[in-house]
Amino acid sequence: MAPHDEIDTIEAQTAQYEFREDLKEEPQDEHVELHRDLKARHISMIAIGGAIGTGLIIGTGKALTAGPGSLFIAYSFMGLIVWTVMCALGEMAAWLPLSSGFTGYAARFCDPALGFTLGWCYYIKYIILPPTQLTAAALVITYWPRTSAENVNPGVWIAIFMVTIIVINYFGVRIFGEMEFWLSSFKVIVMVGIILCSLVLALGGGPDHDRKGFRYWNDPGAFAPKYSEGSLGKFLAFWSTMVSATFAYLGTELIGVTVGEAQNPRKTIPKAIKLTFWRIIVFYVLSVLLVGMLVPYDSEDLAFATQSSNSAAASPFVAAMKQVPALPHIINACILVFVFSAANSDLYIATRTLYGLAREHKAPQIFAKTNNSGIPIYSLGFSSLFCCLAFTSVSEGSKDVFGYFTDVVSIVGLLTWISLLIAHICFIRARKAQGVPDSSIPYKAPLGINGSYVALFFCVLIAFTRSFNVFIHDSEYGNFDYKTFITAYLGIPVYVTAFFAWKFIKKTELIKPHNADIWTGKAAIDREEEEFVARKAVEDLHARGWKKFYNRFLSWLF
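Residues numbered from 1 in each chain as written. Predicted model: local features only at pLDDT ≥ 70, side-chain atom pairs only at ≥ 80, totals over all residues. Heavy atoms only, no water.

Examining empty space enclosed by the protein
Here is step 1 of the chain: In the structure shown here, the tally under the stated rule is 3 cavities of 30 Å³ or more.
Here is step 2 of the chain: Roughly 40 Å³ of internal volume is contained in the second largest cavity.
Here is step 3 of the chain: Lining of the second largest cavity is provided by W83, T84, C87, A88, A445, P446, L447, G448 and S452.
Here is step 4 of the chain: Those elements giving two or more residues to the lining of the second largest cavity turn out to be α5 (68–95) and α17 (448–465).
Here is step 5 of the chain: If one sorts the elements of the lining of the second largest cavity by residue count, α5 sits on top with 4 residues. (1 Å grid on protein atoms, 1.4 Å probe; cavity = no way out; pocket = protein on both sides within 12 Å on 5 of 7 lines; lining within 4 Å. Points joined across faces, edges and corners; volume = space filled by probe spheres on them. Helix = DSSP H or I, 4+ residues; strand = E, 2+ residues; numbered from the N terminus.)

A short note on the packing of helix α14 (residues 327–359) against helix α15 (residues 377–385)
Here is step 1 of the chain: Remark: α14 packs on α15, axes separated minimally by 8 Å, with the N-to-C direction vectors making an angle of 125°. By the angle between their directions, the pair α14 and α15 is classed as oblique. By crossing handedness, the relation of α14 to α15 is classed as right-handed. Facing L347, A350, T351, L354 and Y355 of α14, the residues of α15 in contact are S379, L380, F382, S383 and S384.
Here is step 2 of the chain: Partitioned by chemical class, the residues of the contact of α14 with α15 number 6 nonpolar, 4 polar and no charged. (Axes fitted to C-alpha atoms, helices over the stretch in contact; angles between N-to-C directions. Parallel < 35°, antiparallel > 145°, perpendicular 65-115°, else oblique. Left-handed = near helix turned anticlockwise from the far one by under 90°. Contact = heavy atoms within 4.5 Å. Nonpolar A, V, L, I, M, F, W, Y, C, P; charged D, E, K, R; others polar.)

With respect to the pattern of salt bridges
Here is step 1 of the chain: For the structure shown, the criterion picks out 6 salt bridges.
Here is step 2 of the chain: Here R215 and D210 are joined by a salt bridge, their closest N and O atoms 2.6 Å apart.
Here is step 3 of the chain: Classification of D210 as partly exposed rests on a relative accessible area of 24%.
Here is step 4 of the chain: Several salt bridges share partner residues, and in doing so they unite E91, R431 and D438 into one network. (Salt bridge = Lys/Arg side-chain N within 4 Å of Asp/Glu carboxyl O. Buried < 20%, exposed > 50% of the residue type's maximum accessible area, 1.4 Å probe, protein only.)

A look at a nonpolar patch on the surface
Here is step 1 of the chain: There is a patch of nonpolar side chains on the surface, built from F471, F480, Y482, F485, I486, L490 and V494 and spanning about 640 Å² of accessible area.
Here is step 2 of the chain: Looking at the nonpolar patch element by element, the count peaks at 3 residues for helix α18 (residues 482–489).
Here is step 3 of the chain: With respect to the helices and strands, F480 occurs in the loop between α17 and α18.
Here is step 4 of the chain: Using a relative accessible area of 40% as the deciding quantity, one classes F480 as partly exposed. (Patch = residues over 30% accessible without salt bridge, like charges linked within 9 Å, V, L, I, M, F, W, Y side chains within 5 Å. Areas by Shrake-Rupley, 256 points an atom, 1.4 Å probe, with all protein chains shown as cover.)

Some points on the side chain of T60
Here is step 1 of the chain: For T60, the position within the fold is in helix α4 (residues 59–64).
Here is step 2 of the chain: In this structure, T60 is in contact with G55, L71, Y75, V288, P316 and F317, ignoring residues within four places of it in sequence.

With respect to unusual backbone geometry
Here is step 1 of the chain: Note that the residue after D219, namely P220, is joined by a cis bond; omega there is 15°.
Here is step 2 of the chain: For P220, the position within the fold is in helix α10 (residues 215–221).
Here is step 3 of the chain: Positioned with a positive phi, K507 is a non-glycine residue whose angle comes to about 55°.
Here is step 4 of the chain: On the basis of relative accessibility, which here comes to 62%, the residue K507 falls in the exposed class.

Remarks on α14
Here is step 1 of the chain: With 33 residues, α14 extends 48 Å from end C-alpha to end C-alpha; this agrees with the ideal 48 Å at 1.5 Å per step.
Here is step 2 of the chain: Counting buried positions over the 33 residues of α14 gives 29, a clear majority of the element.
Here is step 3 of the chain: Of the residues flanking the end of α14, it is H361, one or two places downstream, whose phi is positive at about 60°. (Expected span 1.5 Å × (residues − 1).)

Considering the packing of aromatic side chains
Here is step 1 of the chain: Within this structure, the stated rule accounts for 22 aromatic pairs.
Here is step 2 of the chain: Arranged with centres 4.1 Å apart and planes meeting at 10°, the rings of F116 and W502 form a pair that is stacked. Pair noted here: F116 is in helix α7 (residues 112–141) and W502 is in helix α19 (residues 491–506), with a separation of 386 residues, a long-range link.
Here is step 3 of the chain: For F116, a relative accessible area of 15% gives the class buried.
Here is step 4 of the chain: Measuring from ring centre to ring centre gives 5.3 Å for Y170 and F171, while their planes differ by 80°; the resulting arrangement is edge-to-face. (Phe/Tyr/Trp six-rings, centres within 6.5 Å; stacked < 30°, edge-to-face > 60°.)

Things to note about helix α20 (residues 522–541)
Here is step 1 of the chain: Across its 20 residues, α20 extends 29 Å between first and last C-alpha, which sits within 8% of the 28 Å expected from 1.5 Å per residue.
Here is step 2 of the chain: Within the sequence span of α20, burial applies to K522, A523, I525, D526, E529 and F532.

Side note on the confidence of the model for the protein chain
Here is step 1 of the chain: Summarising the model, the protein chain shows a mean pLDDT of 79, and 80% of its residues fall at 70 or more.
Here is step 2 of the chain: Within the protein chain, helix α1 (residues 3–15) has the poorest average pLDDT of any element, 44, and α17 the best, 94.
Here is step 3 of the chain: Confidence drops under pLDDT 50 across residues 1–30; counting only partners more than four residues distant or on other chains, this segment forms 47 contacts. (pLDDT = per-residue confidence, 0-100.)

Brief notes about the environment of T416
Here is step 1 of the chain: Locating T416 in the fold gives a position in helix α16 (residues 399–433).
Here is step 2 of the chain: Under the relative-accessibility criterion, T416 is labelled buried at 1%.
Here is step 3 of the chain: Each C-alpha atom of the pair T416 and G119 lies 8.9 Å from the other, and the pair is 297 residues apart in sequence.
Here is step 4 of the chain: In contact with T416, other than residues within four places in its own chain, are F102, L118, Y122 and E253.

Quick word on the nonpolar core
Among soluble globular proteins, nonpolar side chains are generally buried collectively.
Here is step 1 of the chain: With 152 residues, the main nonpolar core has Y75, Y105, L134, W417 and I518 as its most contacted residues.
Here is step 2 of the chain: Sort the elements by how many residues they give to this core and α7 lands first, with 17 residues.
Here is step 3 of the chain: Contact partners of Y75, with chain neighbours within four places excluded, come to G55, G59, T60, A63, S244, A245, A248, Y249, Y284, V285 and V288. (Core = buried A, V, L, I, M, F, W, Y, C linked by side-chain atoms within 4.5 Å.)

Comments concerning the environment of M78
Here is step 1 of the chain: Secondary-structure assignment places M78 in helix α5.
Here is step 2 of the chain: Classification of M78 by relative accessible area gives buried; the value is 0%.
Here is step 3 of the chain: The spacing of M78 and V243 is 165 residues in sequence and 9.1 Å in space, taken between C-alpha atoms.
Here is step 4 of the chain: Contacts of M78, omitting those with residues within four sequence positions, involve M242, A245, T246, Y249, W417 and I462.

See the structure below:
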């Protein structure tokens, strides 16, 4: 079939969905369009940035107290789950890159009520994250005596970081993309350096020339009991590490929010998804394996990890490299960059999520307005207001509040993965019911619908058991912690209530596979893709100097 005949066929199939006003994401008004200014390298590095954060560099400390074996198995298994979620998202995003992000997929393929629920829950997550990250940045910078809380009020650092990320987000997605590209590049360099340094130390290349290998897997052991004795205690410790691993991986799905501003999304999105597998192997699985070789689970240095610390003192990588005097300060500076990058991208995601909700008429329409640069200015302004919550952390007692915020973020993140997997299952059923062959899919999830079912089962299981320790009450672990219980599970009733409330108000119905709208907007995206590919081919033909070198030797990486 000729390309123009295929487009005509798609337009004919699209026509039957024009009456679905609740699913049309493009209101007829000026200044509502995002600009596709995110290049392939931006998308690729943003995908990396979402996978490397304080959850990895610091969160592994608390997880390591369950034993290096539990740590390695949990991070490997959750890495597989996360990769499955990302592949599911990539299949939908490559077929139909929506500016509303993955909330649009839930609304189109499953139920408009699911799109509404997913969108607002995800937005709640990302208006809580920026102030949490800003607070972490203030704590990290107080690691050094001259910038400690005794000398400089933490509110000063919060204000500086807050203004900076707002300005970066205000001056356009291209500026944001460049900033995140270089920050994520820095993250990659730092993590590669940490991994290489850990490997050298494990093989006896440190100042003490002690070749540790897997010594600590034998003594004190690979699995540490927690909450109980014997095998039950070791299993409970392992399961608590699964929860820590889940938190560390949260945010990898943020690439689904960038598809509306991605150039050549049919190529860049699948490439970023494919590379996610190797990033998980290198940056997560390999790093936790090495740190488990260098630090025993009963190390006194890990005592910091069980406290509410966000500085280098809580990182097991510092404990592993403390024999090199300058490394703790270097890693703390790197953590500061990690946190700043996370706050920057979190505000971006919050802004685009609110914008997407407005485009789908699930939020006030003013939030769908953009300026001449394609920035959803009102969404940015409203989302930025929540950054001020970070100033509550200036008082010592508010640290517990932000710990509870972290619980809320974690459960909402799991609910997001669950919704994405449901949307992918509905998408596969829809395209099969409508006769779309696998050969016409730009990117197909390797594990298919069965992989999504398995990942969905484990995500639901973890969502309900993630804070099982609040039910444990004895002389050692205390009584029932009702505050942690509320924040850890609050997202579930809110999620269910929002879903059924929207169904009741809007009278929505579950979308049957043969009625799912998998075509609206596809013809326009196909044309845009063809124009971009043709224009890019001409640019590459005339490329000179650095650009020619990049296209030939580096572009494959991004």
